[in-house]
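The lines below spell out each chain.
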Amino acid sequence: MAEHFDAIVVGAGPSGNAAAYTMAKAGLSVLQIDRGEYPGSKNVQGAILYADALERIIPDFREEAPLERHVVEQRMWCLEEKSHTGVHHRSDDFNEEKPNRYTILRAQFDRWFSEEVRNAGALLICETTVTDLVKDEAGKVIGVETDREGPPIYADVVILGEGVNALVGQRAGLRPELKPAHVALAVKETHFLPEETVRERFNLAGEEDGVVIEVMGSVSSGMVGTGFIYTNRESISIGVGCLISDFQETEISPYSLLDKFKSHPSVAPLLKGSEMKEYVAHLIPEGGYNAIPTLTGDGWVIVGDAGQFVNAVHREGSNLAMTTGRLAAETVIQLKVEEKPCTEANLKLYRDKLAESFVMKDLKKYRRLPDILHRNKQLFTAYPKALAKAMQTFIRVDGTDKKTKEGQMVRALRDARGGWWNVITDMFKIARAWR
Amino acid sequence: MDASDLDFDGLNIVVCIKQVPDSAQIRVHPVTNTIMRQGVPTIINPYDLFALEEAMRLRDQYGGRVTVLTMGPPMAEESLRRALGLGADRAVLITDRRFAGSDTLATSFALATALSKIGSERPIDIVFTGKQTIDGDTAQVGPGIARRLGLNQLTYVAAIDMLDQDRAEIVVRRRSEGGVQVLKSALPCLITMLEGTNEIRRGTITDMLRAARAELTVWSAEEAGVEDLMMCGLRGSPTVVKRVFAPSPREDKAEMLAVEGKKPAQIGDALLDMIFVQQPKLEADLLAAPTPNA
Amino acid sequence: MAQAPKRPAGRAGMKKELPEKFKSYKNVWVYVELERGAIHPVSWELMGEGRKLADKLGVDLCGVVMGPEGEGIEHAATEAFAYGADRMYICADPVLTDYRNEPYTRALTDMVNTYQPEILLLGATTLGRDLAGSVATTLRTGLTADSTELDVDADKSLAATRPTFGGSLLCTIYTLNFRPQMATVRPRVMAMPEAQPGREGEIVRHPLGIAEGDIVTKILDFVADATSDDANLAYADIVVAGGMGLGSVENFRHVQDLAKVLGGEYGCSRPVVQKGWMPADRQIGQTGKTIRPRLYIAAGISGAIQHRVGVEGADLIVAINTDPDAKIFDFAHLGVVADATKVLPALTDAFARRLRAPVSTTEPA
Ligand SMILES: Cc1cc2nc3c(=O)[nH]c(=O)nc-3n(C[C@H](O)[C@H](O)[C@H](O)COP(=O)(O)OP(=O)(O)OC[C@H]3O[C@@H](n4cnc5c(N)ncnc54)[C@H](O)[C@@H]3O)c2cc1C
Ligand SMILES: Cc1cc2nc3c(=O)[nH]c(=O)nc-3n(C[C@H](O)[C@H](O)[C@H](O)COP(=O)(O)OP(=O)(O)OC[C@H]3O[C@@H](n4cnc5c(N)ncnc54)[C@H](O)[C@@H]3O)c2cc1C
Ligand SMILES: Nc1ncnc2c1ncn2[C@@H]1O[C@H](COP(=O)(O)O)[C@@H](O)[C@H]1O
């Protein structure tokens, strides 16, 4: 006899887990399918966890979840060949009872989350890849095919939390292929260091205090991209990501880019003597608002990276994934309660919920940014140079009077862009993009 | 296990599997020399998969049931589910704090006890184990179990040539030094399966769903039938691990041959010279020896 | 769990309190592995190691051998004396013609209970592991498998060191309150001692208390391996091995060519076997063969710990690797940072010229 569920969730990342958990909790019969050897086995993230999104799903997650460190200090570095100019913010306020941001290791975190999903009553099968969607003659999605022998499995609705590649959605013609200019390729390494060493190098007082370093400037070698350094309990995550289209143009290899980053005088000392544990590469959807595909159809919903839900500017993704997953689930639950079928029309409810949430508001706010960054590489080259130069002029005491110095600094900025006009238009573009 | 599970025709087979850390991913703490288990995924001991597959082949051919049994922490349930997903019929987990620290003797005691309990519901025909584990790596638990249960012990089995249920006879090929023994023995027996003898199958989607839904049998020491707890865990282990340490690095590194600007041929000659400088006697012996393929 | 060090602290601190019944256990025993008329060399490697232990303890070194009557077994005894045994326990019986767990376990446990050794060493061979496991269980005593180092500590108990966690760590294991203290050691881990021909010793014959009729398992046939690669690789004087660095199965002919010219054996790392480029019995390392050649040439092998533990016994280790930071250079004696696929043929050629051996190239594997 054929298997039938209220909902099938493709993927056991943050989005799929959020969706499966929420529906299972509400008593729906849920089947979740992940291709990984175990949930999260192949998943990649920096990774910073934003408590809020998860709290709305599992309020007391802090008691159980495998969290590495909570972030007490944020550094923003603008990198130049030999220097970095930075803004740091550290506050004891972050040592609050319910910290707002944590570093995590996805492999462990996803495992825990998935455990919760199963405890909530969902069925999970791993090492199984969904190969295609099953549609009825009317074209409504009614189930999935997998790479395992056996009959298709049916469901009232299929939630696609399959991540950025989203091959299932693509194959079923639900969404277009990714555009190189809409995805970044990120490479990341995890380096083992004794707990004490991590604490010393980042002068962390508390056992579980952590630091986050977001990096721009020369780290991306002129491409649109950023780098990051996160402190875990007994390891450091370091990575850099740039748009695929830029990698294609420049023919720079991601690995050499990361190597350069690691050997930077400001970075090398942080990694000294560490043992590399893993090297991973993963895509990040960075097309933003304009790249979001159709999100719903008869019998299907897209959540998380598969829907391009990433806020590149603030490096938020998992929280958007969890939120979209939750909202999709709540939609399905509501339809179930109202005994309405999961048709295109009824699922519009999901898009409405999204529109009201921070997810769409934020992505909309930055909708112009990806494009502008893409067409204004100077933002990643000229300004960092100028800034570094200006800072040095400012700091060095060499008998030059301060007024002249200020003059030099201002000129440094102007010359960087060959004239004030360019500087001003740049500023204007950014400002507009930010609005 | 409810009674319905027990009335079936064919063989009652139990496969002992162990959940082990994927040692490919184990790291040793550079400073404290302790294992950094953090995030090290666990797998079914690779050697046990050959045992499981062989067991399932027998089941498919002669009918019967394959039960997977493991002793380990509660999380070992994962491996049992994976085994069910691969096609095993039932799973039993024996887990108990007091099993912790078991060496091979205590492990085989606990497993043997659980096996007798399983056997009391319906006699076991064959117990399978892997050749060895990749963490314990002793290849002793199998023989230990056989000894305690008085099963005919067939280790390093490369193939099962014949099995006659009515006459309770079995013929196997056993790897031994320099050759293969063809052994005729009797059921019930314990077989430790040699690696590379078969390839583990991929469970069907139906297997996977069954595995995901399955109710595992979980036994504490008492429930498994253990009466004498002194035989379990650290207390029941005659061996004691006194010291754990990392292999000492050889202080003197390799003497490097300068290759800059050298052609392969030159490198070859230079390397040969270095070798003979280090091992003059070797050169003499080689020259003395009749040229291998003259 | 087995011997994975759950918590080393466990009972380590625990004071040794040997029960009365074990106080009388004395002497070091080595199991002399006689199979199908041949003695496994590991027996003598153990004899050499056992001698050291016996001398440290100031006790006798004894060998125990089983098999059918005949000169095979008598010869084993004579050799055992030459390799350092003071006494030989012989159990000769037609029932013991071929190895079978049942009668062998019976015989060995009987002898242990009768003559009470404090230490019993066996080779970690298919026979040794099969036998040790059931004997230790019958005697309810501790057994340390695959030891790489044996010693006796201050309070005279056996300290057996073995790799754990896939070789990434070593642990030292004791059998505090039980006797005999049992350990198996893999072939080639211990060095072969010098034989002293003509050295004499005492012989004790022990009857086997079990008849063919009582034994369930029968031997129908023995199929000898066509090529006994097994022995050769482990005991070869010269071994040339290739790793993933060779890039393709074709390139392994370079390894075979060099081995041939040197009259040695060839081997490989594990992934090479997993790729199906080489048969499993060519694998060198922790889960493959341990080798102790006079010359080991490793081409395109990174030198992971699991490989290292299998080759460290070599007199001279030569490593060819493109990566100057490859781990293998940490324990190799000679290193070349170069493309092995180019250096190997050159080296083959060089040796051929020096040794006046014609280079005959093998067909791609
Ligand atoms: C280097 C890097 C750093 C990042 N840093 C951060 C950060 O600091 N903070 C943050 O919030 N976000 C960060 N992100 C983004 C974040 O990782 C993603 O937004 C988030 O993981 C998206 O979750 P998801 O569930 O949509 O997709 P994923 O996490 O990719 O999960 C998709 C799941 O679906 C499974 N799957 C895919 N296809 C199939 C199929 N056909 N059948 C079955 N299963 C399938 C996969 O195995 C996977 O488990 C980072 C991303 C990268 C690459
Ligand atoms: C439980 C367990 C047991 C194991 N047992 C064993 C075992 O018994 N034996 C074993 O070998 N491994 C074993 N392994 C695997 C071991 O951990 C390593 O993965 C393995 O030894 C690596 O093999 P490799 O060096 O051939 O390949 P790699 O690690 O991929 O190394 C390839 C090397 O070749 C070099 N190279 C590349 N191109 C060239 C070229 N053209 N010329 C020269 N050099 C080149 C590279 O720099 C690199 O150093 C075991 C692992 C586990 C977890
Ligand atoms: N804790 C355990 N639970 C179940 N089976 C085990 C366990 N430990 C060992 N075994 C079995 O015994 C075999 C040999 O293990 P070992 O003696 O540790 O090398 C393994 O391949 C397993 O089949």
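Treat the numbers as computed from the prediction; the structure is a model and nothing was measured.

This next bit is on the overall build of chain B. Within chain B, the regular secondary structure consists of 7 helices and 15 strands. Within chain B, buried positions represent 58% of all 294 residues. The long-range fraction of contacts in chain B, counting pairs at least 24 apart against all pairs at least 6 apart in sequence, stands at 71%. Accessible surface for chain B amounts to roughly 11,600 Å². Of this, 53% is attributable to carbon and sulfur atoms.

This paragraph deals with the sheet that holds strand β14 (residues 239–245) of chain B. Pairing in this open sheet of 4 strands is antiparallel, and the strands run β14(B)-β10(C)-β9(C)-β8(C) from one edge to the other. Single-partner strands in this sheet number two, and they are β14 of chain B together with β8 (149–152) of chain C. Looking at each pair of strands side by side, their axes are set apart by 30 degrees on average, direction ignored. In terms of strand pairing, β14 of chain B meets strand β10 (residues 169–175) of chain C through 6 bridges, oriented antiparallel. Bridging from a neighbouring strand, Thr-239 of chain B pairs with Thr-175 of chain C of β10 of chain C. With respect to the sheet, helix α3 (residues 42–57) of chain C is in contact with β8 and β9 (158–164) of chain C, its orientation differing from that of β8 of chain C by roughly 15 degrees.

This paragraph deals with the environment of Val-187 of chain A. Residue and element names in this part refer to chain A. Assignment of secondary structure puts Val-187 in strand β11 (residues 183–192). The exposure class assigned to Val-187 is buried, which follows from its relative accessible area of 2%. Separated by 180 residues in the primary sequence, Val-187 and Arg-367 have C-alpha atoms spaced 25 Å apart. Every residue in contact with Val-187, bar those within four places of it in the chain, is listed here: Ile-238, Gly-239, Val-240, Pro-254, Leu-258, Tyr-279, Val-280 and Ala-281.

The next thing to look at is the sheet that holds strand β14 (residues 238–242) of chain C. Strands pair in a sheet through their backbones, by hydrogen bonds, and they do so in one of two ways: parallel or antiparallel. Taken in spatial order, the 6 strands make up an open sheet running β15(B)-β18(C)-β17(C)-β16(C)-β14(C)-β15(C), and their pairing is parallel. Where the open sheet ends on each side, the last strands, each with one partner, are β15 (255–257) of chain B together with β15 (265–268) of chain C. Taking each pair of neighbouring strands and ignoring which way they run, the sheet shows an average axis angle of 20 degrees. Here 5 bridges tie strand β16 (residues 295–299) of chain C to strand β17 (residues 316–320) of chain C, and the two strands are oriented parallel to one another. Bridge pairing in β17 of chain C places Ile-297 of chain C opposite Val-318 of chain C.

To continue, consider the arrangement of the chains. Where the 2 pairs of chains in contact are concerned, the greatest contact count is recorded for chains B and C. Separated without contact, chain A and chain C have their nearest C-alpha atoms at a distance of 13 Å.

On to the interface of chain C and chain B, then. Each side of the interface is counted separately: chain C has 102 residues, and chain B has 97 residues. Taken together, both faces of the contact between chain C and chain B bury some 8,700 Å²; the carbon and sulfur share is 59%. At the surface where chain C touches chain B, the tally comes to 6 salt bridges. Note that Asp-273 of chain B is salt-bridged to Arg-354 of chain C, the shortest N-O span being 2.7 Å. By residue number, the principal contributor to the side of chain C that touches chain B is helix α6 (residues 126–139) of chain C, which donates 10 residues. Split by residue class, the side of chain C that touches chain B holds 49 nonpolar, 28 polar and 25 charged. Pairing geometry for β15 of chain B and strand β18 (residues 334–336) of chain C, over 3 bridges, is parallel. Bridged to Met-256 of chain B within β18 of chain C is Gly-335 of chain C.

Residue and element names in this part refer to chain C. With 15 residues, helix α5 (residues 101–115) should reach 21 Å at 1.5 Å per residue; the first-to-last C-alpha distance of 21 Å fits that figure. Of all the residues in α5, the buried ones are Asn-101, Pro-103, Tyr-104, Thr-105, Ala-107, Leu-108, Thr-109, Met-111 and Val-112. Once α5 ends, the next one or two residues include Gln-116, with phi positive near 50 degrees.

All right, on to the packing of aromatic side chains then. The description of an aromatic ring pair rests on the distance of the ring centres and on the angle between the ring planes. Residue and element names in this part refer to chain C. Scanning the entire structure with this criterion turns up 15 aromatic pairs over all chains. Aromatic pair Phe-22 and Phe-178: ring centres 6.5 Å apart, planes at 55 degrees, arrangement tilted. Of the two residues, Phe-22 is situated in helix α2 (residues 20–23) and Phe-178 in the loop between β10 and β11 (181–185); the sequence distance between them amounts to 156 residues. The exposure class of Phe-22 is buried, given its relative accessible area of 9%. On the accessibility criterion, Phe-178 (29% relative accessible area) is partly exposed.

Turning next to the pairing of strand β9 (residues 141–146) of chain A. Residue and element names in this part refer to chain A. Strand direction decides the pairing type here: strand β8 (residues 130–135) and β9, joined by 5 bridges, are antiparallel. Along β9, the bridge assignment pairs Lys-135 with Val-141. Connecting the antiparallel pair β8 and β9 is a turn made up of 5 residues, with Gly-139 showing a positive phi of about 90 degrees. If you look at the hairpin formed by β9 and strand β10 (residues 153–160), you'll find 6 residues sitting between the two strands, and Gly-150 has a positive phi there, around 125 degrees.

The rules behind the values
Throughout, a residue's number is its position along its own chain's written sequence, starting from 1. Written order determines the labels here, with chains lettered from A and ligands numbered from 1. Per-residue local features of the predicted model are confined to residues with pLDDT of at least 70, and side-chain atom pairs are confined, for both listing and counting, to 80 or more; whole-chain, interface and lining totals are unaffected and use all residues. The side-chain values count all of the structure's non-hydrogen atoms but skip hydrogen atoms and water molecules. Under the DSSP-based scheme used, a helix requires at least four consecutive residues in state H or I and a strand at least two consecutive residues in state E, with every element numbered from the N terminus. When accessible area is computed with a 1.4 Å probe and restricted to protein chains, residues below 20% of their type maximum are described as buried, those above 50% as exposed, and intermediate ones as partly exposed. In what follows, residue pairs with any heavy atoms lying within 4.5 Å of each other are defined as contacts. Note on areas: these come from Shrake-Rupley sampling with a 1.4 Å probe, and a residue is covered only by the protein chains present in the view. Pairing between two strands is assigned when DSSP locates at least 2 bridges connecting them. Lines are fitted to the C-alpha atoms to define the axes, a helix being fitted only along its stretch in contact, and any angle between axes, read from their N-to-C directions, falls within 0 to 180 degrees. What gets called buried area is simply the loss in accessible area from a 1.4 Å probe that two parts show on being joined, summed for both. The rule for a salt bridge is simple: a side-chain nitrogen of Lys or Arg has to be within 4 Å of a carboxyl oxygen of Asp or Glu. Residues are sorted three ways: Asp, Glu, Lys and Arg are charged, Ala, Val, Leu, Ile, Met, Phe, Trp, Tyr, Cys and Pro are nonpolar, and all the rest, Gly among them, are polar. For a helix, the expected span equals 1.5 Å multiplied by the number of residues minus one. A pair of Phe, Tyr and Trp rings is counted when the ring centres sit within 6.5 Å of each other, with Trp represented by its six-membered ring. The angle between the planes then sorts it: under 30 degrees is stacked, over 60 is edge-to-face, the rest tilted.

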